[in-house]
Amino acid sequence: MVHASELMRYEEELMKEGCRLICGVDEVGRGPLAGPVTCAAVIMPLDALIEGVNDSKKVAKKKRERLAEEIKSRAIAWSVVSYDNQKVDEMNILAATKACMAEAVMSLAVKPDVVIVDALKLDIPVRTFGIVHGDAQSYSIAAASILAKVERDAFMQKMDEVYPGYGFANNVGYGTAQHIAALKELGPTPIHRCTFIGNFVSEDE
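Each chain has its residues counted from 1, following the order in which its sequence is written. Local features are withheld for residues below a pLDDT of 70 in this predicted model, meaning they are given only at 70 or higher, and side-chain atom pairs are given and counted only at 80 or more; totals for whole chains, interfaces and linings count all residues. By convention in this description, side-chain values take in all heavy atoms of the structure and omit both hydrogens and water.

## Describing the overall build of the chain
Helix and strand counts for the chain stand at 7 helices and 5 strands. Sequence-ordered secondary structure for the chain, helices as α and strands as β, is α-β-β-α-β-α-α-β-β-α-α-α. Its C-alpha atoms give the chain a radius of gyration of 18 Å, near enough to 17 Å, the size a compact globule of 205 residues would have. Each principal axis of the C-alpha distribution contributes one length, and for the chain these read about 60 × 35 × 25 Å. Buried means the residue's accessible area, taken with a 1.4 Å probe over protein chains only, is under 20% of the maximum for its type, while exposed means over 50%, and partly exposed covers the values in between. Expressed as a percentage of the 205 residues in the chain, the buried residues total 51%. Here a strand is any run of E in DSSP of at least two residues, a helix any run of H or I of at least four, and the numbering for each starts at the N terminus. Radius of gyration here uses only the C-alpha atoms, and the compact-globule reference equals 2.2 Å multiplied by the residue count raised to the power 0.38.

## So, the pattern of salt bridges
Think of a salt bridge as a Lys or Arg side-chain nitrogen and an Asp or Glu carboxyl oxygen that are within 4 Å of each other. Enumeration over the complete set of coordinates arrives at 7 salt bridges. Here Arg74 and Glu70 are joined by a salt bridge, their closest N and O atoms 2.7 Å apart. Separated by 4 residues within a single helix, Arg74 and Glu70 lie in helix H2 (residues 61–74), roughly one turn from each other. On the basis of relative accessible area, Arg74 is assigned to the partly exposed category, the value being 31%. Residue class for Glu70 comes out partly exposed when judged on its relative accessible area of 31%. Between Asp153 and Lys149 there is a salt bridge; the shortest N-O distance is 3.1 Å. Highlighted residues: Asp153 and Lys149, both in helix H5 (residues 139–162), separated by 4 residues, approximately one helical turn. Three or more residues are tied together by salt bridges with common partners; here these are Asp55, Lys57 and Asp135.

## As for the sheet that holds strand S3 (residues 77–83)
Whether parallel or antiparallel, the strands of a sheet pair through hydrogen bonds between backbone atoms. One bridge is not enough; two strands pair if DSSP finds at least two bridges between them. If you trace the 5 strands from one edge of the open sheet to the other, you get S3-S2-S1-S4-S5, paired in mixed fashion. This sheet does not close on itself; its edge strands, each paired only once, are S3 and strand S5 (128–131). Averaged over all pairs of adjacent strands, the angle between strand axes in this sheet comes to 20°, irrespective of strand direction. Examined bridge by bridge, strand S1 (residues 22–28) and strand S2 (residues 37–43) share 6 bridges and lie antiparallel to one another. Residue pairing in the sheet places Asp26 in a bridge with Ala40 of S2. Here an angle of 0 to 180 degrees is reported between the N-to-C directions of two axes, which are lines fitted to C-alpha atoms, with helices fitted over the stretch in contact.

## Thoughts on the nonpolar core
Residues Val42, Met44, Val53, Ile71 and Tyr139 are the most contacted members of the largest nonpolar core, which totals 32 residues. Contributing elements (two or more residues each) for this core: helix H1 (9–16), S1, S2, H2, strand S4 (114–118) and H5. Not counting chain neighbours up to four residues away, the residues in contact with Val42 comprise Ile22, Cys23, Gly24, Ile71, Ala75, Ala77, Trp78, Ser140, Ala143, Ala144 and Leu147. Core analysis: the second largest hydrophobic core is formed by 24 residues, Met101, Leu108, Leu120 and Ile124 among them. Joining through side-chain atoms within 4.5 Å is the link that ties buried Ala, Val, Leu, Ile, Met, Phe, Trp, Tyr and Cys residues into a set, and such a set is a nonpolar core. Here a residue-residue contact requires only that any non-hydrogen atoms of the pair lie within 4.5 Å.

## Points about unusual backbone geometry
Even without being a glycine, Ala119 presents a positive backbone phi close to 75°. Looking at where Ala119 falls in the secondary structure, it is placed in the loop between S4 and S5. Under the relative-accessibility criterion, Ala119 is labelled partly exposed at 48%. Phi is positive for His133, close to 55°, though the residue is something other than glycine. Examined against the element boundaries, His133 turns out to sit in the loop between S5 and H5.

On their own, these measurements won't tell you what the molecule is for.
Here it is as structure tokens:
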């Protein structure tokens, strides 16, 4: 298991520069055929780390949900924002992701000294830099990735009840064989991304 202290290299460098309020930002849901892209921004206290925080993809579901609650309760500030499939279609996924991330940062109750984000550059009035695979290298980004994934997964779980047959509870909108087969048989739902599903549905659907 990766210890939280092993994900502090970037934060420690920034703290040496005098930064205290370090905001981690991450997104979940850039690749799915359905559902929103969800972005989280979080400023964590860095003097008492939460063990188990890691890239959300490497943390089991139940543990992720417990960690999300602990992150929220201990965070200096946190924010989660989702852009729905219509916004993704209108803006394109990269533009929607950047705008969603920026909104998450600007929604924080406390203004950060610096923002570290997984791989992207954001157009915000705060010093920002991107770290490739940041969710696996930064404690703050990993904490944000957990908040974003838990929020989006919970939404897709509800959508599984609203639109049964697509397997949203399991695939959370990603293009699994079951999902694609259902898309071809049942057609798209109102939460499908039209710009993502052209290969799987005919124009008249």
